[in-house]
Amino acid sequence: MTEQTAAQPVTRIQVAGTAGTDPYEVLVGHQLLGELPSLVGRAKRVAVIHPEALAETGEALRADLADQGYEAIAVQVPNAEEAKTAEVAAYCWKALGQSGFTRSDVIVGVGGGATTDLAGFVAASWLRGVRWIAVPTTVLGMVDAAVGGKTGINTAEGKNLVGAFHPPAGVLCDLAALESLGTHDYVSGMAEIIKAGFIADPVILELVESDPEGARSPRGPHTAELIERSIRVKAEVVSSDLKESGLREILNYGHTLAHAIEKNERYKWRHGAAVSVGMVFAAELGRVAGRLDDATADRHKAVLGSVGLPLTYRGDQWPKLLETMKLDKKSRGDLLRFIVLDGLGKPTILEGPDPAFLVAAYGEVSA
């Protein structure tokens, strides 16, 4: 990554501050490293938290910041969801303590969604909150994890059950980072983009349908627009509801079953793959509950399947998945709550659905 040039335009998406938090920008473009010092500001120390797979990138960022006069350290953590544990968070806290990190210093999280979730949580919990900057390097990280301020780690009982709302000071989405992603990882991120299409921006669905093969690759003609539209959907929602007290819950479309699948698979399934199955389930639940029309329900399978996302999961796992869903953050007591659609772009909450509806909906995704 080199300094930004005029030939490479940058899209700046505003996320408003709410609940006493400061507003920030999500930058989308190429060669965004030159934007980092302005976000770091007057901090003396910077910690670059990165996964093992991005050791070279993490060290390059650390060296660049050191060259600019910061006391910069690199903190390497495990890859993917293995980083999101209390033990890894404690390792990061130890590194900050040994480096003399104060409340005026800054954390930079570079990597996929799991890394930025961890980095944000470490920032939220160190000295009760220090500034942090997200540098997502995957589709999923750019359109979902790094935007909105939800940070967290996993426990044996479930995904993201420990965390904090702690928005970043800025987000740098360098599209060049996507070039090195494998196809499966890239396509996994498409699930969150397609989700944004179903809950708020149908143009996303039309772009995918117009060129499914192009949507599977960072070199596709609509890559930048798909990512920017998805970020705008999330930015608009979290700007009005930081702490998931109302509107923000719509971003969990497909996630109730998805998180249960991820836990059942010990987080070996990609998040987007689980969300894809979860959306097919949610669409069918909306249909059997009399909320969603057949055409929109069927469109889920068509769009998700066209880019190569999975549509089914093991039928014999339903009892275990149901028990896990009862621990989901959206549940209230013993009352299961799901985000469903009343129509395209019309998300709503379905509380305490008939158990027969749940069984019927799961039948649609059973393999």
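Only a predicted model underlies this, so the values are computations on that prediction, with no experimental measurement involved.

Student: Can you break down the overall build of the protein chain residue by residue, with the values?
Tutor: The secondary structure content of the protein chain amounts to 14 helices and 11 strands. Relative to its length of 367 residues, the protein chain is compact, with a C-alpha radius of gyration of 20 Å against a globular reference of 21 Å. Taken along the three principal axes of its C-alpha coordinates, the protein chain extends 60 × 45 × 35 Å. Within the protein chain, the proportion of its 367 residues that are buried is 55%. Of all intrachain contacts in the protein chain linking residues separated by at least 6 positions in sequence, the fraction that spans at least 24 positions is 73%. As presented, the protein chain carries roughly 14,700 Å² of accessible surface, and 51% of it is formed by carbon and sulfur atoms.

Student: Can you lay out the sheet that holds strand β3 (residues 45–51) for me, pointing to particular residues and giving the numbers?
Tutor: Taken in spatial order, the seven strands of this open sheet run β1-β2-β9-β6-β5-β3-β4, and their pairing is mixed. Of all strands in the sheet, those with a lone pairing partner are β1 (11–15) and β4 (71–77), marking the two edges. Direction aside, neighbouring strands of the sheet carry axes that sit 15° apart on average. Together, β3, β4 and β5 (106–111) form the strand contacts of helix α3 (residues 86–98), whose direction differs from that of β4 by roughly 160°.

Student: For the packing of aromatic side chains, give the residues involved together with the corresponding values.
Tutor: The tally for this structure, following the rule as stated, stands at five aromatic pairs. Seen from their ring centres, phenylalanine 281 and tryptophan 318 are 6.1 Å apart, and the 40° between their planes marks the pair as tilted. On the criterion of sequence distance, the pair formed by phenylalanine 281 in helix α11 (residues 271–288) and tryptophan 318 in helix α13 (residues 318–325) is long-range, its members being 37 residues apart. Each member of the pair, phenylalanine 281 as well as tryptophan 318, is classed as buried. Members of the aromatic cluster, joined through ring pairs, are Phe281, Trp318, Phe338 and Tyr362.

Student: So what's going on with the pattern of salt bridges? Which residues, and what values?
Tutor: If you walk through the whole model with that rule in mind, you get 28 salt bridges. Note that arginine 45 is salt-bridged to glutamate 71, the shortest N-O span being 3.5 Å. With arginine 45 in strand β3 and glutamate 71 in strand β4, this pair connects stretches of sequence that are 26 residues apart. For arginine 45, a relative accessible area of 14% puts it in the buried group. Glutamate 71 sits in the partly exposed class, given a relative accessible area of 40%.

Student: Mind laying out the environment of glutamate 262, listing which residues take part and the relevant values?
Tutor: Its place among the elements puts glutamate 262 in helix α10 (residues 255–264). Classification of glutamate 262 as buried rests on a relative accessible area of 1%. The spatial distance from the C-alpha of glutamate 262 to the C-alpha of leucine 321 is 9.8 Å, given a sequence separation of 59 residues. Every residue in contact with glutamate 262, bar those within four places of it in the chain, is listed here: Lys159, Tyr267, Trp269, His271 and Ala274.

Student: Now, about unusual backbone geometry: what can you tell me, with residues and values included?
Tutor: Of all residues except glycine, most have a negative phi; of all peptide bonds, most are trans. Even without glycine at this site, arginine 266 takes up a positive phi of about 50°. Note on placement: arginine 266 falls in the loop between α10 and α11. On the basis of relative accessibility, which here comes to 68%, the residue arginine 266 falls in the exposed class. At tyrosine 267, a position not held by glycine, the phi torsion is positive, near 60°. Within the secondary structure, tyrosine 267 is located in the loop between α10 and α11.

Student: Hey, could you go over the packing of helix α6 (residues 183–199) against helix α7 (residues 202–210) for me, with residue numbers and the actual values?
Tutor: Following both chains from N to C, one finds α6 and α7 inclined at 130°, their axes separated by 6 Å at the closest point. By the criterion of interaxial angle, the relationship of α6 to α7 is oblique. Two secondary-structure elements touch here, α6 through Met190, Ile193, Ile194, Ala196, Gly197 and Phe198 and α7 through Pro202, Ile204, Leu205 and Val208. Within the contact of α6 with α7, the residues separate by chemical class into nine nonpolar, one polar and no charged.

Student: Account for the packing of α13 against helix α14 (residues 355–365), with residues named and values stated.
Tutor: Between α13 and α14, whose axes approach to 12 Å, the crossing angle comes to 120°. Relative to α14, the element α13 is oriented oblique. Here α13 runs over α14; the crossing is right-handed. Contacts between α13 and α14 involve Trp318, Leu321 and Leu322 from the first element and Leu358, Val359 and Tyr362 from the second.

Student: Lay out the confidence of the model for the protein chain in plain terms, naming residues and giving numbers.
Tutor: For the protein chain, per-residue confidence averages 92 on the pLDDT scale, and 93% of positions sit at 70 or higher. Every residue in residues 1–7 is under pLDDT 50, and counting partners more than four places away or in other chains gives 15 contacts.

Student: So what about a nonpolar patch on the surface? Which residues, and what values?
Tutor: Where nonpolar side chains cluster on the molecular surface, the patch consists of Leu161, Val162 and Leu327 and spans about 230 Å² of accessible area. Inspection of the secondary structure assignment puts valine 162 in strand β8 (residues 158–165). Judged by relative accessible area, which is 33%, valine 162 ranks as partly exposed.

Student: A description of the nonpolar core should follow, citing residues and the corresponding values.
Tutor: Counting 94 residues, the largest nonpolar core has Val26, Ile107, Leu118, Ile194 and Phe281 as its most contacted members. Here isoleucine 107 is in contact with Ala47, Ile49, Leu96, Phe101, Ala119, Val122, Ala123, Val130, Arg131, Trp132 and Ile133, once residues within four sequence places are set aside. Residues Val40, Leu65, Tyr70 and Ile133 belong to the second largest nonpolar core, which totals 19 residues.

Conventions and cut-offs
- As a convention, each chain's residues are numbered from 1 in the sequence order in which they are written.
- Only residues with pLDDT of at least 70 are given local features in this predicted model, and only at 80 or more are side-chain atom pairs given and counted; all residues enter the totals for whole chains, interfaces and linings.
- For side-chain calculations, the full set of non-hydrogen atoms in the structure is used, while hydrogens and water are omitted.
- Only DSSP runs of H or I covering at least 4 residues are called helices, and only runs of E covering at least 2 are called strands; the numbering of each starts at the N terminus.
- Radius of gyration: over C-alpha atoms. The globule rule applied is 2.2 Å multiplied by the number of residues raised to the 0.38 power.
- Exposure is judged per residue with a 1.4 Å probe applied to protein chains only, and the accessible area is read against the type maximum: over 50% gives exposed, under 20% gives buried, and values in between give partly exposed.
- Contacts are residue-level and defined by heavy atoms, with any inter-residue pair within 4.5 Å sufficient.
- Only the protein chains shown count as cover for residues, with accessible areas throughout obtained via the Shrake-Rupley method and a probe of 1.4 Å.
- In this scheme, strands are said to pair when DSSP sees at least two bridges between them.
- Here, axes are lines fitted to C-alpha atoms. For helices the fit covers the stretch in contact, and angles between N-to-C directions go from 0 to 180 degrees.
- Stacked, tilted and edge-to-face pairs are distinguished by plane angle, under 30 degrees for stacked and over 60 for edge-to-face with tilted covering the rest, among Phe, Tyr and Trp rings (Trp via its six-membered ring) whose centres lie within 6.5 Å.
- We count a salt bridge whenever a side-chain nitrogen from Lys or Arg sits within 4 Å of a carboxyl oxygen from Asp or Glu.
- Small angles under 35 degrees read as roughly parallel and large ones over 145 as roughly antiparallel, with 65 to 115 read as roughly perpendicular and the rest as oblique.
- Residues are grouped as follows: nonpolar covers Ala, Val, Leu, Ile, Met, Phe, Trp, Tyr, Cys and Pro; charged covers Asp, Glu, Lys and Arg; every other residue, Gly included, is treated as polar.
- For a crossing to be left-handed, the near helix must be turned anticlockwise from the far one by less than a right angle; the clockwise case is right-handed.
- As a per-residue quantity, pLDDT reports the predictor's confidence and falls between 0 and 100.
- Here the term patch refers to residues with relative accessible area over 30% and no salt bridge, with like charges joined within 9 Å and nonpolar side chains (Val, Leu, Ile, Met, Phe, Trp, Tyr) within 5 Å.
- We call a set of buried residues a nonpolar core when its members are Ala, Val, Leu, Ile, Met, Phe, Trp, Tyr or Cys and they connect through side-chain atoms within 4.5 Å of each other.

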